[in-house]
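# Secondary and tertiary structure notes
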Amino acid sequence: MDKILEVNQLTKLYRNGRGISRLSLTLERGDVVGLLGPNGSGKTTAMKAIVGLNHASSGSVRIFGYDIETEYEKAMEKVGCLIEAPAIYEFLTAYANLKLMSRYHPGISKDRIDEILSIVRLDRYKKDKAGRFSLGMKQRLGLAMALLSEPELIILDEPANGLDIEGIIEVREIILKLSKEKGVTFLISSHIASEIEKTCNKVAILHEGEMLSFDTMEDALKLNPTLEDYFLEKVRDKRGPVIL
Amino acid sequence: MKLYLAGVRNEFEKLRAKKKYFVFLIIEIAICVLLLLIETALKRVSGGLFNIGIVDMSLVMLTFFIQVYIPLIIFMASCDLFSTEIQDGTIKAVLMRPISRLKIFLGKITAIMLLACVFLASLFITTILIEALFSGGVRNFWVSFGAYALDIVPLFILLLMAVLINQSTKSSTLAMFVLILTYTLLMIVGILIPQLSGLLFTGYSQWHNIWIGQTIPFWPMISKIGLLAGYGTIFMSAGYYLFDRREI
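Residues numbered from 1 in each chain as written. Chains lettered and ligands numbered in written order. Predicted model: local features only at pLDDT ≥ 70, side-chain atom pairs only at ≥ 80, totals over all residues.

The next point concerns the pairing of strand E8 (residues 185–190) of chain A. Residues and elements named next belong to chain A. Taking burial as the measure, the 6 residues of E8 include 6 buried ones, the bulk of the element. The alternating pattern of E8 places Thr185, Leu187 and Ser189 and Phe186, Ile188 and Ser190 on opposite faces, both of which are buried. Pairing of strand E3 (residues 32–36) with E8 involves 5 bridges; the strand directions are parallel. Bridge pairing in E8 places Leu36 opposite Ser190. Looking at chain direction, strand E7 (residues 153–157) and E8 are connected through 5 bridges and run parallel. Paired with Ile154 across the strands is Phe186, a residue of E8. In this fold, E7 hands off to helix H6 (residues 165–182), which returns the chain to E8; that crossover is right-handed. (Buried ≥ 20, exposed ≤ 12 C-beta atoms within 10 Å, placed from the backbone. Helix = DSSP H or I, 4+ residues; strand = E, 2+ residues; numbered from the N terminus. Pairing = 2+ DSSP bridges. Right-handed = clockwise from strand over helix to strand, strands pointing away.)

On the chain B side, the residues contacting the 23 residues of chain A number 21 residues. For the side of chain A that touches chain B, the elements supplying multiple residues, two or more each, are helix H2 (72–75) and helix H3 (94–102) of chain A. Here the side of chain A that touches chain B is composed, by residue class, of 16 nonpolar, 2 polar and 5 charged. (Contact = placed C-beta atoms within 7 Å. Nonpolar A, V, L, I, M, F, W, Y, C, P; charged D, E, K, R; others polar.)

All names here are of chain A. A sheet is described by the order of its strands in space; here 6 strands give the open sequence E6-E7-E8-E3-E9-E10, paired in mixed fashion. Pairing within the sheet leaves two strands with one partner each, and these edge strands are strand E6 (79–82) and strand E10 (210–216). Neighbour-to-neighbour, the strand axes of this sheet turn through a mean angle of 15°, independent of strand direction. Both E6 and E7 contribute to a ladder of 4 bridges, which runs parallel. (Axes fitted to C-alpha atoms, helices over the stretch in contact; angles between N-to-C directions.)

All right, on to the sheet that holds strand E2 (residues 19–28) of chain A then. Each strand in a sheet pairs with another by means of backbone hydrogen bonds, the pair being arranged parallel or else antiparallel. Residue and element names in this part refer to chain A. A sheet is described by the order of its strands in space; here 4 strands give the open sequence E2-E1-E4-E5, paired in antiparallel fashion. The open sheet terminates on both sides in strands that have one partner only, identified here as E2 and strand E5 (66–67). Bridge analysis of strand E1 (residues 3–13) against E2 gives 7 bridges, and the strand direction is antiparallel. Among the inter-strand pairings, Lys3 is bridged to a residue of E2, identified as Glu28. Each of E1, E2 and strand E4 (58–63) touches helix H1 (residues 43–50); the most contacted strand, E1, lies at about 120° to it.

With that settled, consider H6(A). All names here are of chain A. Here H6 spans 25 Å end to end across 18 residues, near enough to the 26 Å set by a 1.5 Å rise per residue. Where H6 is concerned, the buried positions are Val171, Ile175, Leu178 and Ser179. Projection of H6 onto a plane perpendicular to its axis shows the buried side chains occupying an angular sector of 95°, all on one side. Pointing more than 90 degrees away from the buried face of H6 are the exposed residues Ile165, Glu166, Glu173, Lys177, Lys180 and Glu181. Buried-residue contacts for H6 involve E3, helix H5 (135–147), E8 and helix H7 (193–199). One or two steps after H6, the chain reaches Gly183, where phi turns positive at roughly 70°. (Expected span 1.5 Å × (residues − 1). Arc of directions from axis to C-beta.)

Attention shifts here to the pairing of strand E9 (residues 202–207) of chain A. Residue and element names in this part refer to chain A. With 5 of its 6 residues buried, E9 lies for the most part within the structure. Note: E3 against E9, 4 bridges, orientation parallel. Note that in E9 the partner of Leu35 across the bridge is Ala204. Sheet topology note: the E9/E10 ladder contains 6 bridges and is antiparallel. Residue pairing for E10: Ala204 is matched across the bridge by Phe214. Turn length for the E9-E10 hairpin, with the two strands adjacent in sequence and antiparallel, is 2 residues, and the turn residue Glu208 shows positive phi of about 45°.

For residues with low pLDDT, the predicted coordinates do not support detailed interpretation. Residue and element names in this part refer to chain B. Averaged over all residues, the pLDDT of chain B equals 89, while 94% of them reach at least 70. Highest mean pLDDT in chain B belongs to helix H1 (residues 2–17) (95); lowest belongs to helix H10 (residues 208–211) (72). If you check the scores for this complex, the pTM reads 0.90 and the ipTM reads 0.89. (pLDDT = per-residue confidence, 0-100.)

When two helices pack together, you describe them by how their axes are tilted relative to each other and by the distance separating the axes. All names here are of chain B. For the pair helix H2 (residues 19–46) and helix H5 (residues 101–134), the least separation of the axes is 10 Å and the interaxial angle reads 25°. Here H2 lies roughly parallel to H5, going by the angle between them. Considering the relative orientation of H2 and H5, their crossing is right-handed. The segment H2 lies against H5, with Tyr21, Leu25, Glu28, Ile29, Cys32 and Leu36 engaging Leu115, Phe119, Ser122, Leu123, Thr126, Thr127, Ile130 and Phe134. Split by residue class, the contact of H2 with H5 holds 10 nonpolar, 3 polar and 1 charged. (Parallel < 35°, antiparallel > 145°, perpendicular 65-115°, else oblique. Left-handed = near helix turned anticlockwise from the far one by under 90°.)

With that out of the way, let us pick up H1(B). Taking 1.5 Å of rise per residue, the 16 residues of H1(B) would be expected to cover 22 Å, and the 22 Å separating its terminal C-alpha atoms lies within 8% of that figure. The set of residues buried in H1(B) consists of B:Ala6, B:Gly7, B:Asn10, B:Glu11, B:Phe12, B:Lys14 and B:Leu15. Those residues of H1(B) that are buried are in contact with H3 of chain A together with H2, helix H3 (57–88) and H5 of chain B.

Dropping the structure here:
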């Protein structure tokens, strides 16, 4: 299997002592990997360090075999990201936002921009300034920006943020469709276990900056009825039973 | 190179999309026209005795705009493309694309410099047109053109200083405040202590005065060019280092 993303002993510690410590995982083509953890467990920090928004304290990240620190452009060539709040220029229209991003990738036509706007159901609002969008619409635009270049690896940090029930289902369907039909690899973070369970085929549990486990969904659910139970089991293993 | 050019285009488009720069451009032209109207009115009232210098308007206006107006535009644009984007997180949109931080950094600087050149070019065209139409012809077209072209150099150094200061704060308001304060202080120091003026890059804001209208002494000129190049290298290197190490 093709190794799409290799994270090796990745450590990123902030001055306040928080961050992630010795994170290692490998994503193969077509994997949909969920990073599951509570708020503050280091999911966003891990994703930021993986795509080079933050500089790792130690460890390495290779995307499509290229080191993120030394071969950034090559590593990011086929990567799409949505990390934290969508990075949108509010004084530009939805179309202009995508047009700007399209210039960093060769061969993205106007038709592709229209197509992606239609996929995220923003085609009717393409001439509207993004500043007037609701939270959900901004999230959709952020998703469109991540999908625009037809990337082979897509990194999504809490993609369901701000979306309504229909929106969440649509995003899930887009992810599953791209993974099955085009072999796109996903790394998705969420603190909602059910969301990861429905979308991903592998799951990594992150807790207080440490990766407690990295299993296939099948293995995770062998001895546990739900992913939530699996998560609680792994956390209890680490810090002992919760006393009420 | 393609990615760098894409970056320049994008950054310039972002600046162009902000209406304030268009408004400031209109104000720049309006100031020139206003000066023309004032002079015309005063000439009529004084029977032709009063003259505030429309004959050399392009050079007269350059003095004000190069020291006050265009630096403010540069400060605003640098805050818009650096600290504001870092503050609101939109910088991530570019940082997560397959383009190196160096190209992003250079693209932003080039776009701001282009904007400054648009303001300079508009000023030049407006004042030259006024000279041509209302003072009986343009006397020193090439001298004026040369002065405008030469003054791009100190503006570029000023831009690099603005970019460096923008790297040291996440707040665009604070960055703008620090920029204006620093620039004002440097200008005041240059005026109060003339011996220091030659060592400060702000002392060269009217760079064209050194070149135009006199024989250029070779060695002093080399030292002045070296001084500006030194400032430029320090500002550029430190600015890029901080931008590259920046955690988003």
